[in-house]
Amino acid sequence: MQQVTVTVAASGVSPAVPLDQYLTPFSVTYKASAGTVQVTTDNPFTQDITGKYVAPVINWVSAPTDGANAANFLGQPFRAIRLSGTQGDTLTVIQAGIK
């Protein structure tokens, strides 16, 4: 994936950046100017049984900082990443393997 940069809005969170959890090896690096980086294993693109889009219910957690997920690196699959902070904070994300 090309480098993606998102900014925290007045709501206190940035838009979610979708990640491809099927890439092997899963490798994502990120850099935040401030705030808390959050990740989820929930699907940000849910559909109902008729195929219509339904707003997802996503459980966001702070990005892990130990084990296979060292600070600023995710080595285990996640579906999306975002930044929680104050308006104007930025998050830059790069996932290896996507052009």
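Above this text is the structure in question.
These numbers come from a predicted model, not from an experiment. (Residues numbered from 1 in each chain as written. Predicted model: local features only at pLDDT ≥ 70, side-chain atom pairs only at ≥ 80, totals over all residues. Heavy atoms only, no water.)

**Regarding the overall build of the protein chain**
Along the backbone of the protein chain there are zero helices and eight strands. Compactness check: the protein chain gives a C-alpha radius of gyration of 14 Å against a globular reference of 13 Å for 99 residues, within 12% of the reference. Along the longest, intermediate and shortest principal axes, the C-alpha atoms of the protein chain span 40 × 35 × 25 Å. When contacts within the protein chain are restricted to residue pairs at least 6 apart in sequence, those whose partners lie at least 24 apart make up 72%. Carbon and sulfur atoms provide 54% of the accessible area of the protein chain, an area that totals close to 5900 Å². (Helix = DSSP H or I, 4+ residues; strand = E, 2+ residues; numbered from the N terminus. Rg over C-alpha atoms; globule rule 2.2 N^0.38 Å. Contact = heavy atoms within 4.5 Å. Areas by Shrake-Rupley, 256 points an atom, 1.4 Å probe, with all protein chains shown as cover.)

**Some thoughts on the sheet that holds strand 1 (residues 4-7)**
Here four strands make up an open sheet; going across it, the order is 1-8-3-6 and the pairing antiparallel. Each of the sheet's edge strands pairs with one partner strand only, and the pair in question is strand 1 and strand 6 (73-74). (Pairing = 2+ DSSP bridges.)

**Some details on the nonpolar core**
One recurring pattern in soluble globular proteins: nonpolar side chains tend to sit buried together. Counting residues in hydrophobic clusters, the biggest one holds 17 residues, and the most contacted among them are L19, Y30, V37, L74, I81, L91 and V93. Of all the elements in the fold, those that place two or more residues in this core are strand 3 (28-32), strand 4 (36-40), strand 7 (80-84) and strand 8 (90-95). Once residues lying within four places of it in the same chain are set aside, the contact partners of V37 are Y30, A32, V61, S62, A63, I81, R82, L83 and L91. (Core = buried A, V, L, I, M, F, W, Y, C linked by side-chain atoms within 4.5 Å. Buried < 20%, exposed > 50% of the residue type's maximum accessible area, 1.4 Å probe, protein only.)

**Some thoughts on the pairing of strand 3**
Two faces make up the sheet, and in a regular strand the side chains alternate between them. Alignment of strand 3 against strand 6, held across two bridges, turns out to be antiparallel. Bridge pairing links T29 to F73 in strand 6. The pairing of strand 3 with strand 8 spans five bridges and is classified as antiparallel. In the strand pairing of strand 8, T29 is matched with I94.

**Re the sheet that holds strand 2 (residues 17-18)**
Reading across the sheet, the four strands line up as 2-7-4-5 and stay open at both edges, with antiparallel pairing between neighbours. One side of each edge strand has no neighbouring strand; the edge strands of this open sheet are strand 2 and strand 5 (61-62). Two strands pair when backbone bridges link them, and strand 4 and strand 7 are joined in this way by five bridges, in the antiparallel orientation. Of the residues in strand 7, the one forming a bridge with V39 is I81.

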